Amino acid sequence: MRLFVALSPPPEALAEVAGAVGARPERWPDLRWTGSETWHITMAFLGEVPEKALPELETRLGRAAGRHAPMTLRFEGAGAFPSARRARVVWLGLAGGGTAISRLAASLAAGGRRAGAAGAEGKPFHPHLTLARARPRDGLDARPLVEELKDFGGAPWRADAVHLMRSHLGPKTRYEALESWPLTGGG
Ligand code: ATP
Ligand code: MG
């Protein structure tokens, strides 16, 4: 099964994001916009994991979560991968996590690797919320869109748990939350 670990921002934070996105999906129909019901922040992409590895994986992810404290985050700024000029993914950025968010991500990825999940090794961690993806593989010039979104700043929210998510890829990709663990570590 295809798995990743994510933060789930609270509904109030997502409502603000929806407000910021506004009617832009209609103005940018060449992008595939993600539905607000799928919005998440990927902390660790685990990739294809055999079902028999799940118990071990869950133990290790729970242990990692238990070593990290809750964080106060806010959505801030926008950008695109690999660049706004040839965007394949348009995203909103996250602020407020300092190094804690990267340390949590590294811990979860390490737990995943120990349980045998290959994941996305070597990729630098850049926390973000994916708003839209380009259809063509060579990307799309999203500079005006990124320019409009880049001044967005949301209210702070508390990230106090991580979630193990399963992707069901398809014409309309769907995610299923399999398990959650609270962040119960000290600061
Ligand atoms: P689709 O592939 O149908 O567009 P998706 O990308 O959301 O949907 P997955 O490919 O299963 O579904 O990815 C799940 C999450 O992990 C998403 O947030 C995605 O951006 C992220 N992700 C996927 N592949 C990687 C990767 N190689 N490195 C880092 N994050 C990844
Ligand atoms: Mg994908």
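Residues numbered from 1 in each chain as written. Chains lettered and ligands numbered in written order. Predicted model: local features only at pLDDT ≥ 70, side-chain atom pairs only at ≥ 80, totals over all residues. Heavy atoms only, no water.

- If you look the protein chain up in an unreviewed UniProt entry, it shows as RNA 2',3'-cyclic phosphodiesterase from Sphaerisporangium krabiense.
- In its Sequence similarities (unreviewed entry) section, the UniProt entry covering the protein chain states "Belongs to the 2H phosphoesterase superfamily. ThpR family." (UniProt positions renumbered as here; feature names shortened; annotations may be inferred.)

Things to note about the packing of aromatic side chains
Right, on to step 1. A complete count under the given rule lists three aromatic pairs for this structure.
Right, on to step 2. Measuring from ring centre to ring centre gives 5.3 Å for phenylalanine 81 and tryptophan 91, while their planes differ by 40°; the resulting arrangement is tilted. Separated by ten residues along the polypeptide, phenylalanine 81 in strand β4 (residues 71-81) and tryptophan 91 in strand β5 (residues 89-95) bring together distant segments of the chain.
Right, on to step 3. On the basis of relative accessibility, which here comes to 10%, the residue tryptophan 91 falls in the buried class. (Phe/Tyr/Trp six-rings, centres within 6.5 Å; stacked < 30°, edge-to-face > 60°. Helix = DSSP H or I, 4+ residues; strand = E, 2+ residues; numbered from the N terminus. Buried < 20%, exposed > 50% of the residue type's maximum accessible area, 1.4 Å probe, protein only.)

Let's talk about the site of ligand 1
Right, on to step 1. Taken together, 13 residues lie around ligand 1, and Arg2, Thr42, Ser167, Thr173 and Tyr175 are the ones closest in.
Right, on to step 2. Contact between ligand 1 and arginine 2: an oxygen atom at 2.6 Å from a side-chain N or O atom of the residue.
Right, on to step 3. Separating an oxygen atom of ligand 1 from a side-chain N or O atom of tyrosine 175 is a distance of 2.2 Å.
Right, on to step 4. More than half of the atoms of ligand 1 fall within 2 Å of the grid points belonging to the largest pocket.
Right, on to step 5. Taken together, the elements giving at least two residues each to the shell around ligand 1 come down to β1 (2-7) and β3 (41-48).
Right, on to step 6. Considered class by class, the residues forming the shell around ligand 1 number five nonpolar, four polar and four charged. (Near = heavy atom within 4 Å. Polar contact = N/O pair within 3.5 Å; in protein donor to acceptor, adjacent residues only side chain to side chain. 1 Å grid on protein atoms, 1.4 Å probe; cavity = no way out; pocket = protein on both sides within 12 Å on 5 of 7 lines; lining within 4 Å. Sits in = over half its atoms within 2 Å of the grid points. Nonpolar A, V, L, I, M, F, W, Y, C, P; charged D, E, K, R; others polar.)

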